[in-house]
Amino acid sequence: MAEQDDTLSLPPARTILPPVRPMVRGFLRAPLIANLLLPASPLAESNGWQILLGGDDANTPRMPSGVAIDAQGRIYVVDTGGSRVEQLSPSGRVLGTIGRLGTGDDGLRRPRGIALDQRGTLFVADTANHRVQRFSAQGESLGPWGSIGSDPGEFILPSSLAFDSQGNLFVADTGNHRIQKLDADGRPVAQWAGVHFPHGIAVDAQDMVYVSDSTGLRKFTPGGELLADWTGSGQFGDPYGLAIDATGTVYVADTDNGRIAAVAPTGELQATWGSEGKGIGQLKYPEAIAVDSQGALYVADRGNDRVQMFTLPGR
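Residues numbered from 1 in each chain as written. Predicted model: local features only at pLDDT ≥ 70, side-chain atom pairs only at ≥ 80, totals over all residues. Heavy atoms only, no water.

## Overview of the sheet that holds strand β14 (residues 178-182)
Definition in use: Strand pairing is assigned whenever DSSP identifies at least 2 bridges connecting the two strands. The way it works is that DSSP assigns letters per residue, a run of H or I at least four long becomes a helix, a run of E at least two long becomes a strand, and they are numbered from the N terminus. Note on geometry: axes are lines fitted to C-alpha atoms, helical ones only across the stretch in contact, with angles between N-to-C directions running from 0 to 180 degrees.
Taken together, the four strands give an open sheet; going across it, the order is β12-β13-β14-β15, and neighbouring strands pair in antiparallel fashion. With one partner strand each, in any of the chains shown, β12 (158-163) and β15 (188-192) form the two edges of the open sheet. Strand-to-strand twist in this sheet, taken as the mean axis angle between neighbours without regard to direction, amounts to 20 degrees. The sheet contact formed by strand β13 (residues 169-173) and β14 spans five bridges and is antiparallel.

What follows is the structure in structure tokens.
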């Protein structure tokens, strides 16, 4: 089973996810976007794979667990160990960081998932603070949504986020074993169970909701009706991040198998890329994935403390 986090605060008598490596203390205090040294990009490439972010400099993320692309092609990486978000140019040049370690309105603690709304506002799964944090594209704090708990609009260890075409936000409320749906103002409008430690969430062009959890992959209507259940297929090893391209293909960060899988909307496995390891094109506990308008995949290669980009064959 994939590494997990044992440093998060939970109420008593709650089941806690299995442990991950302890958090490295120390962080860059940057309430807004902070300028960093700008390394050459990509760092290395081979067979369609490129290492965009990683190495031994100050920009190296520690256990990156989220990745998203905005309308201008900028890349946002959730640096979980550093409790911040790194902003990259489309070529991988580091532009700055957003957020800082803390519990205040502008703080983050062990963040994981990230999503952008149609206006470019950043929404971050502020996992250890049990809330959803919001920032403008310029890095200004817009204030969090939610707090710890199990009522509607409350969260325990939220880990992944996705928007539908109407601006509703779907949250993988991991510790509560449920999915929550919030409207554009943060009001809870729906929730459903039937998932076990949900890790990843993505929404297709028809607003159908795909969820990965510790047992596999499921597909739901926007209101939570189960449409398909592929958890018993044995195709995945504790999958985490999900992304969907314009054709409806679902890309899965197949975490324990150290690879990326492409799945048809009907559930058939179409292709896999990557293997376990540290080389270019190899992955160690990939946790998050994003796809851009050109069909390139961006993978938060958590166990290797880096982000890799993969150009799909024929693109």
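## Some points on the side chain of Asp292
What counts here: The buried label goes to any residue with under 20% of its type's maximum accessible area, the exposed label to any with over 50%, and the partly exposed label to all in between, with areas taken from a 1.4 Å probe on protein chains only. Whenever a nitrogen or oxygen atom comes within 3.5 Å of another N or O atom, the pair is scored as a polar contact, on the condition that within protein one atom can donate a hydrogen and the other can accept it, and that pairs from neighbouring residues in sequence are kept only if both atoms are in side chains. Contacts are residue-level and defined by heavy atoms, with any inter-residue pair within 4.5 Å sufficient.
Structurally, the position occupied by Asp292 is in the loop between β26 (286-291) and β27 (296-301). Judged by its relative accessible area of 18%, Asp292 is buried. Within polar-contact distance, the side chain of Asp292 engages the backbone nitrogen of Gln294 at 2.9 Å. Engagement of the side chain of Asp292 in a polar contact is seen with the backbone nitrogen of Gly295, the distance being 3.0 Å. Ignoring anything within four residues of it in the chain, the contact list for Asp292 reads Ile69 and Tyr298.

## Notes on the pattern of salt bridges
Our working rule: By salt bridge we mean one thing: a side-chain nitrogen of Lys or Arg within 4 Å of a carboxyl oxygen of Asp or Glu.
Evaluated as defined, the whole model comprises 15 salt bridges. Linking Arg84 and Glu86 is a salt bridge whose minimum nitrogen-to-oxygen distance equals 3.4 Å.

## Some words on the pairing of β12
Judged by how many residues are buried, β12 sits mostly within the fold: six of six residues are covered. Taken together, the five bridges between β12 and β13 define a ladder with antiparallel strand orientation. When the bridges of β13 are listed, Pro158 appears paired with Asp173. Connecting the antiparallel pair β12 and β13 is a turn made up of five residues, with Gly167 showing a positive phi of about 85 degrees.

## Overview of the packing of aromatic side chains
To keep it simple, the criterion reads: Two rings from Phe, Tyr or Trp (for Trp, the six-membered ring) form a pair when their centres sit within 6.5 Å of each other. Planes less than 30 degrees apart are called stacked, planes more than 60 degrees apart edge-to-face, and all others tilted.
Inspection of the entire model under this criterion finds eight aromatic pairs. Linked through ring pairs, Trp49, Tyr251, Trp273 and Phe310 together constitute an aromatic cluster.

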